[in-house]
Amino acid sequence: MSIKNSIAETIGNTSLVKVPSLSRLSGSTILLKCEYQNPGGSIKDRAALQMVLDAIDSGQLKPGMTIVEGTAGNTGIGLALVAKALGFEMLTVMPKGQTIEKERMIALHGSKLHLVEPCPFADPNHFYHTARRLAEENDDYWWANQFENTSNYKAHYETTGPEIWQQTDGKIDALVSVCGTGGTIAGCSSYLQEQNSDVKTWLVDPDGSGIYSYLKDGDYKASGSSFTEGIGIMRTVENFRLAKINKAITLPDQDLVTISRSVRDKDGIVLGSSSALNLAGALFVAAQTERNGQSNSTIVTFACDGGERSYSKLYNPQFLAEKGIDPNKETIEQLYQRYLSYPLTQIVNLK
């Protein structure tokens, strides 16, 4: 018999699934790591578990303490699940304006929720600083600090990256990922490039984030506004410093909507907003592969969570109309053709 000792032990070992319609369209094999299979429903479960286990091992987190973290949602859900499974309380600090689905999930998993007004990082009332301050003011609180805590990176270096390598039998040409804390892209890129230095890591950034600008010009500048949540930041954090990034692009929210509807209707895959951006990035990389006269590349990206957490935005006609986005603006074939002619000068080439 194979019996897990707690729900936390079911985190990881998620499926790697081919996206048939996009693979046929592009001629490359586009693979999706199904992180919504984790018990908390997102890739953040991995970092949550690693951060908590390492804090227990180091003596920072002791029985009876409360875990506190500032988050856009998914890390709070993952930490709440791990906290309850391992006997701790959880306090989640989150900015207002995230999807209502995430607020409900945090409460459903037994965490207390502290909402703050959204504001720039420099403001002391930012959710990150609020979580840190609460931990400093209470001796029985432990602050997870997912942005600077490299146990986040470690989770993906030791589990996600090796899983991808094993599941592809080492036959992977490109890794595509958005970036929030940087833990996923850093851990996976580091592990995979240690196995094969020819594996290329592409960062895909949403409009409004400064990471693409930083990688391109060395300066964090916002150039638009995206409704994606939990990805795209305006500063360099410790986990992100460990990433082995080769190329970077930025894609608009319109592409997320187009690709999410296409794979839902053709493949039965329902994506959240960050997952849709990842898959758009993977299709973009496939287009550049074809553009360079190559074919049949293997490209891996992540379904960070399921589409139910993005229902009130990504799948809400009224919300999209307010943002000036038309779900029927172009077909997936037209999107792919646009990627084939994407200006090469807008692709950041790093190393």
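For every chain, the first residue of the written sequence is number 1, and numbering continues from 1 along that sequence. It should be noted that, the model being predicted, local features are given only for residues of pLDDT at least 70 and side-chain atom pairs only at 80 or more, the latter also being counted only at that level, while totals for whole chains, interfaces and linings use all residues. Side-chain measures were taken over the full set of non-hydrogen atoms in the model, leaving aside hydrogen atoms and water.

Participant: Would you explain the sheet that holds strand E9 (residues 247–251) in this entry?
Facilitator: Here a strand pair is declared whenever DSSP counts at least two bridges between the two strands. A run of H or I in DSSP counts as a helix once it spans at least four residues, and a run of E counts as a strand once it spans at least two, with each numbered from the N terminus. Read across the open sheet, the seven strands follow the order E1-E2-E10-E7-E8-E9-E11; overall the sheet is mixed. Taken across any chain shown, the strands that pair with only one partner, and hence form the sheet edges, are strand E1 (16–18) and strand E11 (348–349).

Participant: Explanation requested: the pairing of strand E7 (residues 174–177) in the structure shown.
Facilitator: Walk down a regular strand and you will see the side chains alternate between the two sheet faces. Here the term buried applies to any residue with accessible area under 20% of the maximum for its type, exposed to any over 50%, and partly exposed to those in between, with areas from a 1.4 Å probe on protein chains only. Where burial is concerned, the two faces of E7 agree: the one with Ala174 and Val176 and the one with Leu175 and Ser177 are both buried. Alignment of E7 against strand E8 (residues 200–206), held across four bridges, turns out to be parallel. Within E8, the position partnered with valine 176 by the bridge is tryptophan 202. Handedness of the crossover joining E7 and E8 through helix H7 (residues 183–195) is recorded here as right-handed. Looking down the strands as they point away from the viewer, one classifies a crossover as right-handed if the path from the first strand across the helix to the second runs clockwise.

Participant: Explanation requested: helix H11 (residues 273–291) in the structure shown.
Facilitator: In an α-helix, one full turn covers 3.6 residues, which means residues spaced three or four apart are oriented alike. To estimate how far a helix should reach, multiply one less than its number of residues by 1.5 Å. Helix length check: H11 (19 residues) gives 27 Å between terminal C-alpha atoms against 27 Å at 1.5 Å per residue, within 8%. Judged by how many residues are buried, H11 sits mostly within the fold: 17 of 19 residues are covered. The positive-phi residue at the C-terminal boundary of H11 is glycine 293, with phi of around 80°.

Participant: Can you help me understand the layout of surface pockets in this one?
Facilitator: Over the atoms, a rolled probe matching the size of one water molecule traces out where space is still vacant. In this analysis a 1.4 Å probe is tested at points of a 1 Å grid over the protein atoms alone, and where it fits but cannot get out there is a cavity; an open set with protein on both sides within 12 Å along at least five of seven lines is a pocket; lining residues have an atom within 4 Å of a point. Grid points are joined across faces, edges and corners, and a volume is the space filled by probe spheres set on the points. Of the voids in this model, the second largest pocket is the one considered here, and its volume is about 390 Å³. What lines the second largest pocket is a set of 15 residues, among which Trp202, Lys247, Thr289, Asn292 and Gln294 lie closest to the centre. Of all elements in the fold, only E8 and H11 reach the threshold of two or more residues within the lining of the second largest pocket. For the lining of the second largest pocket, the leading source of residues is H11, giving three residues. Polar here means any residue outside two lists: the nonpolar Ala, Val, Leu, Ile, Met, Phe, Trp, Tyr, Cys and Pro, and the charged Asp, Glu, Lys and Arg; Gly therefore counts as polar. Across the lining of the second largest pocket, the residue classes break down as five nonpolar, six polar and four charged.

Honestly, that's just the spatial picture; any functional story needs more than this.
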